Amino acid sequence: MATTRHFLTDLDLSPAEQREVLDLALEMKAEKYGFTPYAGPQTVAVFFDKTSTRTRVSFHAGIAELGGSPLIINSGESQLGHKESIPDSAKVLERMVSTIVWRTYAQSGLEEMAANSSVPVINALSDDYHPCQLLADLLTVREHKGELAGLTMSYLGDAANNMANSYLLAGVNAGMHVRIAGPEGYLPAESIVVAAQERAALTGGSVTITTDAAAALADADVIATDTWVSMGQEEEKEARLKLFTDYAVTSAALARAKDDAIVLHCLPAYRGYEIEAAVIDGPQSVVFDEAENRVHAQKAIMAWLMAASGLAASVREAK
């Protein structure tokens, strides 16, 4: 019997598996209703401890397009994690649903869920990682740039957050040269950097961590950023806006990169803060392609996990 596969961090996929999922996402984008591993319809439980627009809509649409029934459960609408333990919840859910998707706070909760579940568990965002977003981002870069390996991808801003972690890990997994730039005290944890360096040694990618935004931008193929004030950090807003000013993606910053560089932002964006309106609304921005690609990338990872776990006959058909 196949071992259940989960997607909790970007490195839960090998480099070859990551490529396979991205190839599948491109097929699914071209053939929107041609894959039905959730035929039945089978139910996918999607839990939201944090508010969402793109994640909610993209998972709902993607599950439906895969022939399944999305069960959206908002914070406070279940016993998960407070009135019922995560292991008990997992053992109940695995008897009723085919996949569990969870947008939450602590990464440890996802790990506990996966450890007790015989159906795939997918991280739809945690405080530490946002791997589904990075599949969409890499899919977008592939569409605009072709082969990922060898490209330079630079992330600017809060470099200690979940997006910076996932850009670093997913990027080197694809063989990219990843540069992460942020102020001192807001850089990736040493454990993340070490994990990225180990994977880069296998793929030919590289890792650069710096406080120098200009150096990070030099001749970059891809520039990425994220909000400076994430959920739960509202009280730090004024301090953060001052702290990250030098890491804004402005027209001047964009000019340091290659002439054909593309710009990513996972949204929501705050024009005039982490990104200039002229950049995000300009010709080098691909943020709305990136947003759409959440659907295709998430469909691909769901179908791939079902097949890899022996729960579907193939990525195309239910078992």
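Residues numbered from 1 in each chain as written. Predicted model: local features only at pLDDT ≥ 70, side-chain atom pairs only at ≥ 80, totals over all residues. Heavy atoms only, no water.

J.: I keep staring at empty space enclosed by the protein and nothing clicks. Help me out?
T.: All told, the structure shown has one cavity of 30 Å³ or more when counted by the stated rule. A volume near 40 Å³ is recorded for the largest cavity. For the largest cavity, the full set of lining residues is F7, D10, L13, Q18, P131, L134, L135 and A170. By residue number, the principal contributor to the lining of the largest cavity is helix α5 (residues 131-145), which donates three residues. (1 Å grid on protein atoms, 1.4 Å probe; cavity = no way out; pocket = protein on both sides within 12 Å on 5 of 7 lines; lining within 4 Å. Points joined across faces, edges and corners; volume = space filled by probe spheres on them. Helix = DSSP H or I, 4+ residues; strand = E, 2+ residues; numbered from the N terminus.)

J.: What should I look at first to understand the environment of A257 in this one?
T.: Relative to the helices and strands, A257 is located in the loop between α10 (251-256) and β9 (262-265). Distance in space between the C-alpha atoms of A257 and A220 is 4.7 Å, their sequence separation being 37 residues. Those residues in contact with A257 that lie beyond four places of it in its chain are L217, D219, A220 and I223. (Contact = heavy atoms within 4.5 Å.)

J.: Before we go on, may I ask you to explain the sheet that holds strand β2 (residues 69-74) in this structure?
T.: Strands pair in a sheet through their backbones, by hydrogen bonds, and they do so in one of two ways: parallel or antiparallel. Here four strands make up an open sheet; going across it, the order is β2-β1-β3-β4 and the pairing parallel. Bordering the open sheet on either side are β2 and β4 (121-125), each of which pairs with just one other strand. Direction aside, the axes of adjacent strands within the sheet are offset by 20° on average. Where strand β1 (residues 43-48) meets strand β3 (residues 99-103), five bridges bridge the pair, whose relative direction is parallel. Opposite F47, over in β3, you have W102 as the bridge partner. (Pairing = 2+ DSSP bridges. Axes fitted to C-alpha atoms, helices over the stretch in contact; angles between N-to-C directions.)

Worth remembering: the numbers are spatial, not functional.
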